[in-house]
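Understanding the architecture of this molecule
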Amino acid sequence: MAKRLKSNARKSAVNKLVKKTDNRIKEENRVIRTPKEDEQALKLVHAPKISSAMFMRYNTQLGPPFHVLIDTNFVNFAVKNRIDMFQGFMDCLFAKTIPYATDCVMAELEKVRKFKIALKVLKDPRVKRLACEHKGTYADDCLVQRVTQHKCYIVATCDRDLKRRIRKIPGVPIMYIVNHRFSIERMPDAYGAPMT
């Protein structure tokens, strides 16, 4: 009786080692898979390529002088809150900053008449212009595309949807306006970013 129990235990251990699709198993007990199931089982999930500028969660391309991509509503809120944009960048980052405005951002500001002052601020010679190669003038898509290609920018925006999209991109800090001053999130502490 004891020998029979041992042999049954040995058979069950062997059955666990043999796959259910193995040809050595009887046909009525064998599981037969279709080729589509095999293809789906072997299908690899491709991970997105990580930028060479990233070291863990730290972006090595960020450093003084900082390059800041400006969104339309950031300039508008800076004007409404009576914040000098260039002095605000200095107060927030404690270093020299180079503000950039894309053609799409300028086109959005030119479309709406009430953004006249914000347009004058961006036409300042200290703000560098970036040419857009794509079709359309939707600034959010333009900024997200540019930031995914080049991780050297800080994105200045107050738009919730754009912030949500940029947070999905690793290593890109976001500058926004809170309590009548500029603040920044996802910036390494070494640069003295103010905590909110």
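Look up a bit, the structure's there.
The following paragraphs examine the structure supplied in this document. In this text, all values refer to a predicted model and were calculated from it rather than measured experimentally.

Next up on the list: the pattern of salt bridges. Counted under the stated rule, the structure contains 5 salt bridges. Here Arg 126 and Asp 124 are joined by a salt bridge, their closest N and O atoms 3.1 Å apart. Two residues, Arg 165 and Asp 141, come together in a salt bridge whose shortest N-O distance is 2.8 Å. Residue Arg 165 is found in helix H8 (residues 160–167), and its partner Asp 141 is found in helix H7 (residues 139–149); the two are separated by 24 residues along the sequence. Assessed through its relative accessible area of 38%, Asp 141 is described here as partly exposed.

Right, let's talk about the environment of Pro 99 for a bit. Here Pro 99 is to be found in strand E4 (residues 97–102). Note on Pro 99: relative accessible area 2%, which makes it buried. For the pair Pro 99 and Val 127, spaced 28 residues apart in sequence, the C-alpha separation works out to 5.1 Å. Not counting residues up to four positions away in its chain, the partners in contact with Pro 99 are Val 68, Ile 70, Phe 86, Phe 89, Arg 126, Val 127 and Lys 128.

Between H7 and H8, whose axes approach to 11 Å, the crossing angle comes to 20 degrees. By the angle between their directions, the pair H7 and H8 is classed as roughly parallel. The chirality of how H7 crosses H8 is right-handed. Residue-level contacts link Asp 140, Asp 141, Leu 143 and Val 144 of H7 to Leu 162, Arg 165 and Ile 166 of H8. Class assignment for the residues of the contact of H7 with H8 results in 4 nonpolar, no polar and 3 charged.

Phe 74, Met 85, Leu 122, Met 175 and Phe 182 are the most contacted members of the largest nonpolar core, which has 34 residues in total. When residues of this core are assigned to their parent elements, the largest contribution, 5 residues, is made by helix H4 (residues 85–93). In this structure Met 175 touches Phe 74, Phe 89, Cys 92, Leu 93, Ile 154, Val 155, Ala 156, Thr 157, Phe 182, Ser 183 and Ile 184, once residues within four positions along its chain are discounted.

The rules behind the values
Residues numbered from 1 in each chain as written. Predicted model: local features only at pLDDT ≥ 70, side-chain atom pairs only at ≥ 80, totals over all residues. Heavy atoms only, no water. Salt bridge = Lys/Arg side-chain N within 4 Å of Asp/Glu carboxyl O. Helix = DSSP H or I, 4+ residues; strand = E, 2+ residues; numbered from the N terminus. Buried < 20%, exposed > 50% of the residue type's maximum accessible area, 1.4 Å probe, protein only. Contact = heavy atoms within 4.5 Å. Axes fitted to C-alpha atoms, helices over the stretch in contact; angles between N-to-C directions. Parallel < 35°, antiparallel > 145°, perpendicular 65-115°, else oblique. Left-handed = near helix turned anticlockwise from the far one by under 90°. Nonpolar A, V, L, I, M, F, W, Y, C, P; charged D, E, K, R; others polar. Core = buried A, V, L, I, M, F, W, Y, C linked by side-chain atoms within 4.5 Å.

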